[in-house]
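# What the coordinates show
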Amino acid sequence: MTEEKLLVENLKNPKKQEAAFRELMGLYKKPLYWHIRKMVLSHDDADDVLQNTFIKVFKNIHAFNHDSKLYSWMYRIATNEAITFINQKAKKQRVELSDLQTEMASELQFDNDFTGDEIQLLLQKAIVTLPHKQQVVFNMKYFDEMKYTEMSEILDTSVGALKSSYFHAVNKIEEYLKAH
């Protein structure tokens, strides 16, 4: 039995669940946080979405059936939770999604938890101009350095479509950076 399968079995076992969940969080808290943070941009929002992600993982671990890797399943949950969070935030504020994302990127310079320089801030502003799917693909490929096959499993999209999305995202970002 692989380490991952053993971890999943322990997560499903009421007697071992608590220790297994601590192990799971130790393994995935940081990478999932940064994956979410690149989508929601704010540290506080990322913490909230991360907490919701782990709650969903905990509640749904019995449904996990090893069709994909555990981290792929968790990344998909985190991605969906982040998208839902952003959409709900836009709806609550009664603004268009693109306007909210532009506002969120502009607020990064005032965020004490954002440690990037001017170039990184400009890159974040360029990323939020992309269609949402391209944002996710760009972040996963550029920042997380994921392989297309891993991204395909997480996003349930073909490798060809992901390569195309990434190519278009890079071109749009380059155009934005040249113009600004």
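The present account deals with the structure reproduced in this document. (Residues numbered from 1 in each chain as written. Predicted model: local features only at pLDDT ≥ 70, side-chain atom pairs only at ≥ 80, totals over all residues. Heavy atoms only, no water.)

## As for helix 4 (residues 70-93)
Given a rise of 1.5 Å per residue, 24 residues ought to cover 34 Å, and the 35 Å separating the end C-alpha atoms of helix 4 matches this to within 8%. Phi for R94, located one or two positions after helix 4, is positive at around 55°. (Helix = DSSP H or I, 4+ residues; strand = E, 2+ residues; numbered from the N terminus. Expected span 1.5 Å × (residues − 1).)

## Points about the packing of aromatic side chains
Tallied over the full model, the rule gives 10 aromatic pairs. Ring geometry for F138 and Y142: centres 4.9 Å apart, planes at 15°, overall stacked. Residue F138 and its partner Y142 are both found in helix 7 (residues 132-143); the two are separated by four residues, about one turn of the helix. For F138, a relative accessible area of 4% translates into the label buried. The partly exposed category is assigned to Y142, whose relative accessible area is 44%. Of the aromatic side chains, those joined through ring pairs into one cluster are F138, Y142, F143, Y148 and Y166. Positioned above the aromatic ring of Y148 is the side chain of K141, whose terminal nitrogen or guanidinium carbon lies 4.4 Å from the ring centre. (Phe/Tyr/Trp six-rings, centres within 6.5 Å; stacked < 30°, edge-to-face > 60°. Buried < 20%, exposed > 50% of the residue type's maximum accessible area, 1.4 Å probe, protein only. Lys NZ or Arg CZ within 6 Å of the ring centre and 35° of its normal.)

## Some remarks on the nonpolar core
Ranked by internal contacts, the top residues of the largest apolar core, which has 53 residues, are L24, L70 and M74. For this core, the element with the highest residue contribution is helix 4, accounting for 11 residues. Excluding its chain neighbours within four sequence positions, the residues that come into contact with L70 are E4, L7, V8, L24, Y28, I61 and F64. (Core = buried A, V, L, I, M, F, W, Y, C linked by side-chain atoms within 4.5 Å. Contact = heavy atoms within 4.5 Å.)

## A look at the pattern of salt bridges
The tally for this structure, following the rule as stated, stands at four salt bridges. For the salt bridge of E18 with R22, the shortest nitrogen-to-oxygen distance reads 3.0 Å. Here E18 pairs with R22, and both are found in helix 2 (residues 17-40), just four residues apart, close to one helical turn. A single burial state applies to E18 and to R22, both of which are exposed. When the shortest N-O distance is used, the salt bridge between K56 and E81 registers 2.6 Å. On the criterion of sequence distance, the pair formed by K56 in helix 3 (residues 43-60) and E81 in helix 4 is long-range, its members being 25 residues apart. Overall, E81 belongs to the buried group, its relative accessible area being 13%. (Salt bridge = Lys/Arg side-chain N within 4 Å of Asp/Glu carboxyl O.)

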